[in-house]
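# Secondary and tertiary structure notes
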Amino acid sequence: MSEAATMTAAGEFRAAGTDLSERRRTGVSKGPVVDLVLPGDDGIVWGADGAATIGAFATIATIAADTRIKDAYPGVAATALGLATPQIRHLATLGGNLAQRSRCWYYRNPHIACLKKGGSDCPARAGNHLYGVAFDLGPCVAPHPSSMAAALLAYEATVSTDRRKALSIAELLGNGSDGRADHALQAGETIRSIVLPTPLQGERALYKRAISRSYAEWPLVEICARAVIADGAFRFVRIAAGGIAPVPLRLQAAEAALEGRPPTEATIANAAKLAATGAKPLPMTGYKLDLLDGLVRDLLGALAK
Amino acid sequence: MSTMTINGKSAALPEDRDALLVDVIRDGLDLTGTKLVCGSGVCGACTVLLDGVPVASCLLPAQAAAGKSVTTVEGIGEANLHPVQKAFMAHDALQCGFCTPGFIVEATAFFERWRAANGIAVPSREEIGAALSGHLCRCGAYEGIFNAVAAACAGQFDGRDVQPPRVEAGAKVTGAAKYTVDIRHDGQLEGVILRSNVAHAEITNVDLAPARAIPGVIAAVSLLGDDGVVRFVGAPVAAVAARDRKTALAAIASIRLTSQPMPAVVGLDDARKPDAPVVFDKSSRKKAGNVSEGAGGPAPWKGNLRGPSAAFSQKAKKARSWIGSARDAQDPLLFEATFRTATQQHTCLEPHAAVARFEGDRLTVHVSTQAVFHLAELIAKRFAMAHDKVRVIADHVGGGFGSKASLGTETIAAIELARAAKAPVRVVFDRHEELSVTGYRPAAEMQIALLPSPEGALKALTFNAYADTGAATNSTLAGLARLIYPAEAKELSDFDVISNLPPGAPFRGPGGPPMAFALEQAVDEAALRMKVDPISLRKRWDTNPNRRRLYDWALGLDVWRNRKNGPAQTGRYRRGVGVASGYWLYIWQPGSSIEVAVKGGRLVASTSTQDIGQGSRTVIANTVADAFGIEPHEVEVRIGDSRLPEGPGAGGSRVTASVIPPTLIAVQKLKAAIERSAKRMPAPGSNAPWRELLAASPDLSANGVRPEDSKPTAPGVRSPLRDAGFIGIIFGWMMRRFSNLAIGAGVPSSVQVVEVEVDTWLGHVRVLGVHTGIAVGRIAAPALARSQATGSVIQGIGYALYEARETDAKSGHVLTSNMEDYRIPGIADTPEIDVHFDEAGFDHVMGGSVGIGEVATVPTSPAIANAIRDAIGVRLTETPITPARIVAALNARSAA
């Protein structure tokens, strides 16, 4: 899952290779490989304000197991624990997870042309897009594969590269209108670290993905939700969803319907309905909106308890 | 040059940036216990420890191991078996064994973590499930794995020796077992196949010259059929043998094809349209594949529709007319519905593979096959060789499930290339090939109408089945509904819908699971409408004595007696209980023979059958050991070699019933010979008289050939084909004449009761518990039969809930050709499974045992669907029952 960053003239970047190796084996990726060997970028550094900066080469397993991360950013830790398989999480890096390529089954098939491989259109749009987007925001209908990106979006984290500082997740990944790329990094630019904000007083967070089996499956829909509940009302809510759009999305209509209101079943059910605001499902992906509704009810209900 | 330490020794790492650790370990260092399966980090078969941490070696660049310590399965328990390895052996936590090394590596890492933190406390199922969530086992050995890991962590195997119930378990838990993909001869070349990238075309020229010009390429051959037509994406076109895979891949990419595109049609719906392009014209129909275990009968064939095959109908017109009248009269008891099942891929973890080697005019082929003896015959015929010049070997086979029963492209290509290259050639399919062109259980559309009489009997059934067979024919689904639930009239029509998709193949009880998915839900619906207990209704309608005993067992289960959930539930999580029945034919292979010998005081049993994980080595060892009063591990079983006496293929659940009777005959003869040659009889009252006799015996041998069964005397035990009248007798004769399969008396049966929980918000179905009652006669190897029974349920759960091949309807590409998009059950999806063996019913078979592999998976998917109906009040008519389908069904109900 972890090919870091992007292509350069010299070749395609590789961190741990858990995404790239698969594409090299199948022939989807050809040409030279540039290994990103940047010692020192694999740790977690804590500021005096209690905020963490995570190096791009920290492994997903490290993030999932770090007790201080679990405490300060439970949504980040839970997302890390919920993705891929243990033997991938031990290798895959956070930077690579953010910059991995699409998991679309057309893109991954070396014999089929598609936008992301320099083709002229998206074969999934008129074809089989069972796992495609429900928010149709661009020419490519594959959802963004990075679960960590959704979690970091919920935390309003920023990303530093070797060239730029404090990129938002939206700036890192774009708005989904460019079907050719999976991120908006410049040629040769590499992710160096991810900066999380200071945790809010009393905030809690959860992560969950809707899948058919118990584990180890790409999410049909996933959300990471944070909330501060005080004095009988939601004071602060951030919900980010993955699996539904070309980029992870903040569910702002649902957040607005919760903030300032008491954490009742009715409030949450109403917010869950609003989660689909702006959705444009494809013929085969309407079910994702039902699952999105269910996930918002599930996680916000659990946070309200 | 950088190095790693592997299992304590230093090894050089290649400079090639694309070299992956798994290939260095397997091909460079010949540590073949580490397996390459999915290539995407999801199945865990390639797991090794990197500085003590389990990682996916299939994704790890070899250079990333520089300066680090790597431990493979061979390095675990090198001196003494690790407690986890012993626990896997003792709990039979494996079948074919191909996933086992990966599980062992991960489980030992978990064991060490657990012990460090928790001592000898017992981890929960949930903890084990999470720790092993990155590993997949297609045989479904998860029940044993749960038990093994828990017992090992609890200290039950510290310093204890074990005698495993499966005789070859030791080789499988240490990585020593050699599969076809592990074979390496000196000078061996790597063969790769060029496949069609279009669904239908005539290829007029294949220019192999550019491939042959590439340095390192030793041979290139065309694989095109005589008409030059490719009929599906992935159809073989040519093959290349080169010094390594990379060179071979470059070579096939250089081959130039001249072709004429032909119009293509993909899938069940489009292929039935009147203007659909035709896949097989009259002259090419013989090129179609076969999706059943036996040869097919004649059937009408028009365009892409072959059928109806309706020989098993009974008063078809009456059935249609009664159901028509009931429909007109709006009879509330009439149930009519259309059910759809998805295409299921076998997903063998060991891909189809062959290694061919010529020595003079003699050919030896290692093949991952379910039929060493039959395959040798097929090879001799195809390559016009004398039978005694062809030898097929399969020591261990990493799963087959029906897909490895014939002469496949991997074997043809390996032989052609080895002949052309004058060197040994290995052909191993990659995962994309394995999950697209090696066959599958065809999807089906089944229109069913079931009419009870006012008196509560089963009056009429109509069942039309359309199977999505791709470039193949001979599906039987509806016809199978003849041999269960006798009715006054049945119309049963099977159709093959042929299209430009890869050919289907037999898959574990071909036609059985989809037929049951439709029929058992229809019976369930009838019970609901008649307000009768669903098990009692089956007992009323079903005359088979084996199943009637199982119904009594099922009626007594607490989960059934105490069920009260029903569709009145309104909460988020809803529970339900469902039941279903299933059967399979009892099949044995005439001519099956075995030699049992004393060699140097040791018993040796030899037959050219093979063990693909079902446990036939152990069945033979147990049978011989039991007769001589010794331990199974004292018997050497030689199988997996076509030069041994003719043995059965591992398909149609036939091995057990084919090998036990000749083994008993051979044993009897051998015993007589030993006694005749004995200089001294053992002392009266000896504990182990045969052990003494064997130790003193000269080398002797005896042969047994599978006899006909004796006449069954128990009431109701007869050939199911007799119940189907004249056509049944014809069918039986044809199976014997053209497929060398005998269908015996008595019906292997299974009744399953399943409890599920449905999450109505996220559409997730969790199978909480399964009770599987199985009647296959005497159980010859109890632990292994249990593994087969639980594994069959787990495959059935996959069929019901997760598995579907998806295609691109325009191009004909298979899209789910990887193990992330093609979803087989994982360990955490495994419910508690209670296995009940009813051992009666097969006394007319010498030894009393018949096969279990197929029958045990037939009822699972309808039992789950019936349980879901019980939980949420909606009947799911389409597999897999995914979250998308659950939320859609609930929406439809709330909208209605």
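Conventions we followed
- Residues numbered from 1 in each chain as written.
- Chains lettered and ligands numbered in written order.
- Predicted model: local features only at pLDDT ≥ 70, side-chain atom pairs only at ≥ 80, totals over all residues.
- Helix = DSSP H or I, 4+ residues; strand = E, 2+ residues; numbered from the N terminus.
- Rg over C-alpha atoms; globule rule 2.2 N^0.38 Å.
- Buried ≥ 20, exposed ≤ 12 C-beta atoms within 10 Å, placed from the backbone.
- Contact = placed C-beta atoms within 7 Å.
- Nonpolar A, V, L, I, M, F, W, Y, C, P; charged D, E, K, R; others polar.
- Arc of directions from axis to C-beta.
- Core = buried A, V, L, I, M, F, W, Y, C linked by C-beta atoms within 7 Å.
- Pairing = 2+ DSSP bridges.
- Axes fitted to C-alpha atoms, helices over the stretch in contact; angles between N-to-C directions.
- Left-handed = near helix turned anticlockwise from the far one by under 90°.
- pLDDT = per-residue confidence, 0-100.
- Parallel < 35°, antiparallel > 145°, perpendicular 65-115°, else oblique.

### What about the overall build of chain B?
Counting secondary structure elements, chain B contains 25 helices and 35 strands. Against the globule reference of 29 Å for 896 residues, chain B gives a C-alpha radius of gyration of 27 Å, in line with a compact fold. Considered along the principal axes of its C-alpha atoms, chain B spans approximately 85 × 80 × 60 Å. Here chain B, with 896 residues, has 63% of them falling under the buried criterion. The contacts in chain B between residues at least 6 apart in sequence include a share of 80% that link residues at least 24 apart.

### Let's talk about the overall build of chain A
If you tally the helices and strands in chain A, you get 12 helices and 12 strands. Considered along the principal axes of its C-alpha atoms, chain A spans approximately 60 × 50 × 35 Å. Across the 305 residues of chain A, 59% fall into the buried class. Expressed as a percentage of contacts within chain A between residues at least 6 apart in sequence, the contacts between residues at least 24 apart total 63%.

### Description of the interface of chain A and chain B
Accessible area lost upon the coming together of the parts is a frequently used measure of interface size. Each side of the interface is counted separately: chain A has 40 residues, and chain B has 48 residues. Of all the elements in the fold, those that place two or more residues in the side of chain A that touches chain B are α1 (20–26), α5 (86–89) and α12 (287–304) of chain A. Residue contributions to the side of chain A that touches chain B peak at 7 residues, all from α12(A). A breakdown of the residues in the side of chain A that touches chain B according to their chemical character gives 17 nonpolar, 14 polar and 9 charged.

### What to know about the environment of A:Leu36
With respect to the helices and strands, A:Leu36 occurs in the loop between β3 (33–35) and β4 (44–46). In the structure, A:Leu36 is positioned 109 residues away from A:Pro145 in sequence and 21 Å away in space, judged by C-alpha atoms.

### Considerations on helix α15 (residues 534–541) of chain B
All names here are of chain B. Of all the residues in α15, the buried ones are Pro534, Ile535, Leu537 and Arg538. In an axial view of α15, the angular spread of the buried residues amounts to 160 degrees, which keeps them on one side of the axis. Against α14 (512–530), α16 (545–555), α17 (558–561) and β26 (573–583) lie the buried residues of α15.

### Structural notes on the nonpolar core
Counting 400 residues, the largest nonpolar core has A:Val296, B:Val149, B:Ala238, B:Val240, B:Ala414, B:Ile864 and B:Ile868 as the members making the most contacts within it. Here the element with the most residues in this core is helix α23 (residues 782–802) of chain B; it accounts for 10 residues.

### What to know about the pairing of strand β33 (residues 749–759) of chain B
Residue and element names in this part refer to chain B. Most of β33 is tucked away, with 9 of its 11 residues classed as buried. The pairing of β33 with strand β34 (residues 764–775) spans 11 bridges and is antiparallel. By the bridge assignment for β34, Ser749 is matched with Ala775.

### Some thoughts on the packing of helix α3 (residues 100–118) of chain B against helix α5 (residues 142–153) of chain B
All names here are of chain B. Remark: α3 packs on α5, axes separated minimally by 10 Å, with the N-to-C direction vectors making an angle of 35 degrees. As α3 runs across α5, the sense of the crossing is right-handed. Contact residues: Phe103, Ala107, Phe110, Phe111, Trp114 and Arg115 in α3; Ile145, Val149, Ala152 and Cys153 in α5. Here the residues of the contact of α3 with α5 are counted per class, giving 9 nonpolar, no polar and 1 charged.

### Details of the confidence of the model for chain A
Put simply, chain A has an average pLDDT of 95, and 96% of its residues get 70 or more. This stretch, residues 1–6 of chain A, has a pLDDT under 50; its non-local contacts, to residues over four places away or in other chains, come to 53 contacts.

### Some remarks on the confidence of the model for chain B
Looking at chain B, pLDDT values average 96 and 100% of them are 70 or higher. We note a pTM of 0.98 for the whole complex and an ipTM of 0.96 for its interfaces.

### Brief notes about unusual backbone geometry
A cis amide bond, omega 5 degrees, links B:Gly307 with the succeeding residue B:Pro308. Within the secondary structure layout, B:Pro308 lies in strand β14 (residues 305–309). Here the residue pair B:Thr879 and B:Pro880 is connected by a cis peptide bond, since its omega of -10 degrees sits within 30 degrees of zero. Its place among the elements puts B:Pro880 in the loop between α24 (860–872) and α25 (883–895). Phi at A:Asp231 takes a positive value of approximately 50 degrees, unusual for a residue other than glycine.

### Focus on the sheet that holds strand β13 (residues 301–302) of chain B
Residues and elements named next belong to chain B. With respect to topology, 6 strands assemble into an open sheet ordered β13-β14-β25-β23-β22-β15, the strand pairing being mixed. The strands lining the two open edges of the sheet, one partner per strand, are β13 and β15 (335–341). Sheet analysis places β13 next to β14, joined by 2 bridges and oriented antiparallel. Looking at the pairing, Trp301 lines up with Arg306 of β14.

### Description of the sheet that holds strand β8 (residues 191–195) of chain A
Strand pairing in a sheet takes place through backbone hydrogen bonds and is either antiparallel or parallel in direction. Residues and elements named next belong to chain A. Strand order in the open sheet formed by 5 strands is β4-β5-β8-β6-β7, with antiparallel pairing between adjacent strands. Edge positions in the open sheet fall to β4 and β7 (167–168), since each of these has one partner strand only. Pairing geometry for strand β6 (residues 158–161) and β8, over 4 bridges, is antiparallel. Bridge assignment links Thr158 to a residue of β8, and that residue is Val195.

### Overview of helix α2 (residues 83–90) of chain B
All names here are of chain B. Across the 8 residues of α2, 8 count as buried, placing the element largely inside the fold. What α2 keeps buried is the set Pro83, Val84, Gln85, Lys86, Ala87, Phe88, Met89 and Ala90. Buried positions along α2 lie against α3, α5 and α6 (169–173). Asp92 occupies a position one or two residues after α2 and carries a positive phi of about 45 degrees.

### So, the pairing of strand β1 (residues 3–6) of chain B
Residue and element names in this part refer to chain B. Alternating residues of β1 divide into Met4 and Ile6, all buried, and Thr3 and Thr5, none buried. Strand direction decides the pairing type here: β1 and strand β2 (residues 9–12), joined by 4 bridges, are antiparallel. Across the sheet, the residue bridging to Met4 is Ala11, located in β2. In sequence, β1 turns back onto β2 through a hairpin of 2 residues, with Asn7 there showing a positive phi of about 50 degrees.

### Brief notes about the packing of α2(B) against α5(B)
Residue and element names in this part refer to chain B. At a minimum axis distance of 8 Å, the contact between α2 and α5 shows a crossing angle of 140 degrees. Our classification of the angle between α2 and α5 gives oblique. Along this stretch, α2 crosses α5, giving a crossing that reads as right-handed. Contacts between α2 and α5 pair Pro83, Val84, Ala87 and Phe88 from the former with Ala148, Val149, Ala151 and Ala152 from the latter. Of the residues belonging to the contact of α2 with α5, the class tally is 8 nonpolar, no polar and no charged.

### Looking at the environment of B:Ala780
All names here are of chain B. In this structure, Ala780 sits in the loop between β34 and α23. By C-beta crowding, Ala780 is classed as buried, having 25 other C-beta atoms within 10 Å. Taking the C-alpha atoms as reference points, Ala780 and Ser616, separated by 164 residues in sequence, lie 9.7 Å from one another. In this view, Ala780 contacts Val619, Asn622, Thr623, Thr656, Ile660 and Ser849; residues no more than four positions away in its chain are not counted.

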